Amino acid sequence: MSALSELQTHLTRYWALPYHDDEQLHAKLNEVQAWQRARIRRTHAELFEQPKNKPMANYFVTQLYGGDEFKLLAKQLERILPKAKKLQRLAKESVLETGTMAVQAAILAIELDMHLAQWLIKQDLPVNEENMLKAYRAVDEADARRTQINNLKDVCYRTDKYLNSFMLRKAFSLAKGAAYSRGYQPLYDFIDAGFTAMKPLKSVGGFIEPFCERELQIIDQVHKADSDDNVDVFAVS
């Protein structure tokens, strides 16, 4: 299956999520995601505040963790995909695959957070640390969360690989004008945002490895069978 065919599959799955037609669920999901972004910024404050890491940190919380910005991107991609076969001649398949993986990672994050939102609605609970901990444990998707984190790592290392390839980087840069003129700006910009965020990094591993290690620790701690209801599990040091 080509990268663009896979992208269409992911978008079809995204638009099938029930929150699109449920105002209450949509509002609760927005609250959950706002909490997630704030928690991520707090958890990784030291890493995120390093000057060279700030663009990548911003990319993570605005692009890879969904929200209304991703919904706008999905609408644009859905509109251009039927005529996007020509895009495969403007950018390497490997680059498009990486962009598709990033979209998939964002959709998985939205889907997992939507499950938390659904549980909170059923229990008639507000979004706060205590209730988020309860929701995480009740929904019990630790393995899917680990997959989400590992997918993010894969996207970062693949993007870094192409960023460090002069030929691929040059080809992608030269494709910008053609991509824009033919209406493929949303997908181009989404991929390019990852390149731009990584440019200041001396090594992507110096950012993504500590980020993923800490996130996986939190997942383990949250779902630990003998742990209590202490919300400190969200602040693994």
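Preceding this section is the structure that the text describes.
Residues numbered from 1 in each chain as written. Predicted model: local features only at pLDDT ≥ 70, side-chain atom pairs only at ≥ 80, totals over all residues. Heavy atoms only, no water.

J.: Is there a simple way to think about the packing of aromatic side chains in this case?
T.: Each aromatic ring pair is described using two quantities: the centre-to-centre distance and the angle formed by the ring planes. The tally for this structure, following the rule as stated, stands at eight aromatic pairs. An angle of 70° between the planes, with centres 6.3 Å apart, marks the rings of Tyr-14 and Tyr-19 as edge-to-face. Residue class for Tyr-14 comes out buried when judged on its relative accessible area of 0%. The class for Tyr-19 is buried, based on a relative accessible area of 3%. (Phe/Tyr/Trp six-rings, centres within 6.5 Å; stacked < 30°, edge-to-face > 60°. Buried < 20%, exposed > 50% of the residue type's maximum accessible area, 1.4 Å probe, protein only.)

J.: For this particular structure, what's the right way to read the pattern of salt bridges?
T.: Two side chains of opposite charge can pair, provided their charged atoms sit close to one another. A full pass over the atoms with the stated rule returns eight salt bridges. In this structure, Asp-113 and Arg-145 form a salt bridge, with 3.0 Å as the shortest nitrogen-oxygen distance. Residue Asp-113 is found in helix 6 (residues 93-122), and its partner Arg-145 is found in helix 8 (residues 142-163); the two are separated by 32 residues along the sequence. No difference in accessibility class separates Asp-113 from Arg-145, as the two residues are buried. Here the salt bridges share partners, and the residues they tie into one network are Asp-143, Arg-146 and Asp-220. (Salt bridge = Lys/Arg side-chain N within 4 Å of Asp/Glu carboxyl O. Helix = DSSP H or I, 4+ residues; strand = E, 2+ residues; numbered from the N terminus.)

J.: Explain unusual backbone geometry to me, please; I cannot follow it from the model alone.
T.: Across residues other than glycine, the phi torsion is negative in most instances, and most of the peptide bonds are trans. Phi at Asp-124 is positive, roughly 55°, even though this residue is not glycine. Structurally, Asp-124 is set in the loop between helix 6 and helix 7 (129-139). According to the relative accessible area criterion, Asp-124 is exposed, its value standing at 68%.

J.: Sorry if this is basic, but what is going on with the nonpolar core here?
T.: One broad trend across soluble globular proteins is that nonpolar side chains are buried collectively. Counting 56 residues, the largest nonpolar core has Met-56, Phe-60, Phe-70, Phe-207, Phe-211 and Phe-234 as its most contacted members. Looking at this core, the element that brings in the most residues is helix 6, giving 11 residues. Sequence-distant contacts of Phe-70, that is, excluding residues within four places in its chain, are made with Tyr-14, Gln-63, Val-103, Ala-106, Ile-107 and Ile-110. (Core = buried A, V, L, I, M, F, W, Y, C linked by side-chain atoms within 4.5 Å. Contact = heavy atoms within 4.5 Å.)

J.: Help me understand the packing of helix 2 (residues 23-43) against helix 7 in this model?
T.: When two helices pack together, their arrangement is given by the angle between the helix axes and by the axis-to-axis distance. Following both chains from N to C, one finds helix 2 and helix 7 inclined at 105°, their axes separated by 12 Å at the closest point. Taken together, helix 2 and helix 7 sit at an angle that is classed as roughly perpendicular. In this structure, helix 2 uses Val-32, Trp-35, Gln-36 and Arg-42 to contact helix 7, whose residues at the interface are Glu-129, Met-132 and Tyr-136. When its residues are assigned to classes, the contact of helix 2 with helix 7 shows four nonpolar, one polar and two charged. (Axes fitted to C-alpha atoms, helices over the stretch in contact; angles between N-to-C directions. Parallel < 35°, antiparallel > 145°, perpendicular 65-115°, else oblique. Nonpolar A, V, L, I, M, F, W, Y, C, P; charged D, E, K, R; others polar.)

J.: Even after reading the chapter, I still don't get the environment of Lys-75, so can you show me in this structure?
T.: Along the polypeptide, Lys-75 turns up in helix 5 (residues 68-80). Sequence separation between Lys-75 and Leu-11 is 64 residues; the distance between their C-alpha atoms is 9.1 Å.

J.: I would appreciate a short explanation of the environment of Met-114 in the present structure.
T.: With respect to the helices, strands and loops of the structure, Met-114 is situated in helix 6. C-alpha of Met-114 to C-alpha of Lys-28: the two residues are 86 residues apart in sequence and 8.2 Å apart in space. Ignoring anything within four residues of it in the chain, the contact list for Met-114 reads Leu-17, Pro-18, Tyr-19, Leu-25 and Leu-29.

J.: Would you explain empty space enclosed by the protein in this entry?
T.: The method is simple in principle: a probe with the dimensions of a water molecule rolls over the atoms, and the space it marks as empty is what remains. Per the counting criterion, the structure on display carries four cavities of 30 Å³ or more. If you add up the space inside the largest cavity, you get close to 130 Å³. Lining of the largest cavity is provided by 13 residues; of these, Arg-39, Tyr-136, Arg-145, Glu-215 and Ile-219 occupy positions nearest its centre. Here the residues of the lining of the largest cavity are counted per class, giving eight nonpolar, two polar and three charged. When its volume is computed, the second largest cavity comes out at roughly 70 Å³. What lines the second largest cavity is simply Tyr-59, Thr-98, Gly-99, Ala-102, Val-155, Thr-159, Phe-190, Ile-191, Gly-194 and Phe-195. Those elements that place two or more of their residues in the lining of the second largest cavity are helix 6, helix 8 and helix 11 (185-198). For the lining of the second largest cavity, the leading source of residues is helix 11, giving four residues. (1 Å grid on protein atoms, 1.4 Å probe; cavity = no way out; pocket = protein on both sides within 12 Å on 5 of 7 lines; lining within 4 Å. Points joined across faces, edges and corners; volume = space filled by probe spheres on them.)

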